[in-house]
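Here's the letter readout for the chains.
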Amino acid sequence: QVQLVESGGGLVQPGGSLRLSCTTSTFAFDYYVIGWFRQAPGKEREGVSCISSDGGSTYYGEFVKGRFTISRDNAKNTVYLQMDSLKPEDTAVYYCAAYFDLLNLTMNEGEYPYWGQGTQVTVSS
């Protein structure tokens, strides 16, 4: 299995910023697509962003495009999600997830077999 650990969540005011990190000690980290998903209370989990194994391709959900930036540092086995201009509706538990793929990129939740425990992001005044 691939073990993923999220960090960087917290409480921030509207318009503020947070940077989430997703790390793993798995030796084959640079073979995996990493995605970020979020789930608010009473709502279904939704895709936020994902990045290809080499960092060359990215995807953003329309609701975060222009505000969030995904990146990865394979030397550190880490993927980041920089979140700017946060809104109250961004409040959710944010999860990172992974699947093995060197070439392709997808935001289909069913394609991700490995998931972290999540980190809480709360945007409130």
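Some details on the pairing of strand β3 (residues 18–23)
- Two strands pair when backbone bridges link them, and strand β1 (residues 5–7) and β3 are joined in this way by three bridges, in the antiparallel orientation. Its bridge partner being in β3, S7 is matched across the sheet by S21.
- Looking at chain direction, β3 and strand β8 (residues 78–83) are connected through six bridges and run antiparallel. The residue of β8 that forms the bridge with R19 is Q82.

Things to note about the state of the cysteines
- Tallied over the full model, the rule gives one disulfide.
- The disulfide bridge from C22 ends at C96, spanning 2.2 Å between sulfur atoms. Taking the torsion about the sulfur-sulfur bond, which here is approximately 65 degrees, the covalent link between C22 and C96 counts as right-handed. Taken together, the positions of C22 in strand β3 and C96 in strand β9 (residues 92–100) put the pair 74 residues apart, joining distant regions of the chain.
- Its relative accessible area of 0% is what places C22 among the buried residues.
- Unpaired in terms of disulfides, C50 finds its nearest cysteine sulfur in C22, a separation of 13 Å.

Cut-offs and rules
Residues numbered from 1 in each chain as written. Predicted model: local features only at pLDDT ≥ 70, side-chain atom pairs only at ≥ 80, totals over all residues. Heavy atoms only, no water. Pairing = 2+ DSSP bridges. Helix = DSSP H or I, 4+ residues; strand = E, 2+ residues; numbered from the N terminus. Disulfide = S-S within 2.5 Å. Buried < 20%, exposed > 50% of the residue type's maximum accessible area, 1.4 Å probe, protein only.

None of the figures reported here should be taken as evidence of function without further support.
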